[in-house]
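A look at the structure
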Amino acid sequence: MYKSDCRGIGREASSDGGQPAAFSLSVPIRSGNLTILRVAAGSPERYLKSVLKRVRNESYDLIQIDNRPQFVGPIKRLFPQTPVSLFLHSLTFVSSPLISRKRAVACLSKADLIVANSGSLKEELARRFPAVADKLSVVWLGVDSSRFQPPDAKVRSRERKRFRLGSSFTVLYVGRIIPQKGIPVLMRAVRMAERKAKRPIRSLIAGGGPKAEYRAYLQNLAGKLKLRTRFLGRVPHHRIHRIYRAADCFACPSQGHEAFGLVNVEAMASGIPVIAADNGGIKEIIQDGKSGLLVKKYRSPQGYARHILRLMESPEKARTLGEDGRSSVLERFSWSMTAAKLEELYTGAVYPGAREVAQDE
């Protein structure tokens, strides 16, 4: 196995070079042998043009492109002999209205390998684009389990005071503020649960969205339902772990196909019980009744309300779910496991003979 340095270029973050080197159009900032090269953006076209100019005279062992299939063709033309990996996090950028099916097939076919972040996403991609099914692999995402971890009593008390939560049972949502995420379903569930609860319920909703009108609709709905809801807006990811420390449970009521659902893993790593839609890749993360609670009829609020009440009324069950969720993350969703899987996959792409030797042995 090799130990790689990597160079990435992106609007958000990027990285630095070694043997073998990997190039990514957009990667998260991580510790290690990583150099971040920032380029002009503003639009996908300007960003791609900036990237192509920056890397034109460089050489790489492997190029990874995150979530932008339309970048594969131009990059492959510039580096025809270099393996190009497309790492997809969702169906968004291979679906209408962002791209036609014909165009998506053309872009996907130019990649040497396509990585999906869940088995569910891989299956859906294979169903939609059978011509590229043999290029598909799965690599689960991971979390920093040292940053996302159960707080001690003092830290938890401090975070709860910061949000003025008092003795209320607190339900947390973290994610984009868009209709597909099902926030109105969760809000109605909280209202149902509160009617039967013996103590107040508060909600924390953290995240941003592209449409102010939708945020206003949710705030208006909270008022109509008489909910104790606090909208935190967009929270920088380097601070998001602090919010998990204040919650009694986490809810993910996704209504559209959820390719993976990394927020569930963050919550589990933080030791709080998770209630989530039985949807897409979430089912690969949560073992229902052991490491979290899944809602089969996830388009209706009743299941979420029932689970919220269950956790309120049984602190021991909530504690056990939180502990088992944390253990599951340590066993299956650490960054080291994600890195090891990518390393194995990319070694085979860069040195195909090495894979054949390993298989023969």
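It should be noted that the structure appears before, not after, this text.
Structural notes, computed from the coordinates. These figures come from a predicted structure and were not determined experimentally.

How each quantity is defined
- Residues numbered from 1 in each chain as written.
- Predicted model: local features only at pLDDT ≥ 70, side-chain atom pairs only at ≥ 80, totals over all residues.
- Heavy atoms only, no water.
- 1 Å grid on protein atoms, 1.4 Å probe; cavity = no way out; pocket = protein on both sides within 12 Å on 5 of 7 lines; lining within 4 Å.
- Points joined across faces, edges and corners; volume = space filled by probe spheres on them.
- Helix = DSSP H or I, 4+ residues; strand = E, 2+ residues; numbered from the N terminus.
- Nonpolar A, V, L, I, M, F, W, Y, C, P; charged D, E, K, R; others polar.
- Buried < 20%, exposed > 50% of the residue type's maximum accessible area, 1.4 Å probe, protein only.
- Polar contact = N/O pair within 3.5 Å; in protein donor to acceptor, adjacent residues only side chain to side chain.
- Contact = heavy atoms within 4.5 Å.
- Axes fitted to C-alpha atoms, helices over the stretch in contact; angles between N-to-C directions.
- Parallel < 35°, antiparallel > 145°, perpendicular 65-115°, else oblique.
- Left-handed = near helix turned anticlockwise from the far one by under 90°.

1. Focus: empty space enclosed by the protein
What the rule picks out here adds up to one cavity of 30 Å³ or more. The volume enclosed by the largest cavity comes to roughly 40 Å³. Looking at the largest cavity, the residues that line it are Val 171, Tyr 173, Ile 183, Leu 186, Met 187, Val 190, Ser 203, Leu 204 and Ile 205. Only β8 (169-174), α6 (183-196) and β9 (201-206) provide two or more residues apiece to the lining of the largest cavity. In terms of residue count, α6 provides more of the lining of the largest cavity than any other element does, four residues in total. Classifying every residue of the lining of the largest cavity by side-chain character gives eight nonpolar, one polar and no charged.

2. A few points about the side chain of Asn 117
Tracing the sequence through the fold places Asn 117 in the loop between β6 (113-116) and α4 (119-128). Judged by relative accessible area, Asn 117 falls into the buried class, the value being 2%. A polar side-chain atom of Asn 117 sits 3.1 Å from the main-chain carbonyl oxygen of His 89. Those residues within four positions of Asn 117 in sequence are excluded, and the remaining contacts are Phe 87, Leu 88, His 89, Val 138, Val 139, Trp 140, Leu 141, Ala 259 and Phe 260.

3. Considering the layout of surface pockets
If you add up the space inside the second largest pocket, you get close to 350 Å³. Around the second largest pocket, the lining is made up of 19 residues, and of these Arg 156, Ala 247, Asp 248, Gly 271 and Pro 273 lie nearest the centre. Elements represented by at least two residues in the lining of the second largest pocket include exactly α11 (302-313) and α12 (315-332). By residue number, the principal contributor to the lining of the second largest pocket is α12, which donates five residues.

4. Structural notes on the packing of α6 against α11
Where α6 contacts α11, the two axes come as close as 8 Å, and the packing angle between them is 45°. With respect to α11, the element α6 is oriented oblique. When the axes of α6 and α11 are compared, the crossing they make is right-handed. Only Gln 302, Tyr 304, Ala 305, Ile 308 and Leu 309 of α11 make contact with α6, whose side of the interface consists of Val 185, Ala 189, Val 190, Met 192, Ala 193 and Lys 196. Each residue belonging to the contact of α6 with α11 can be placed in one class, and the counts come to nine nonpolar, one polar and one charged.

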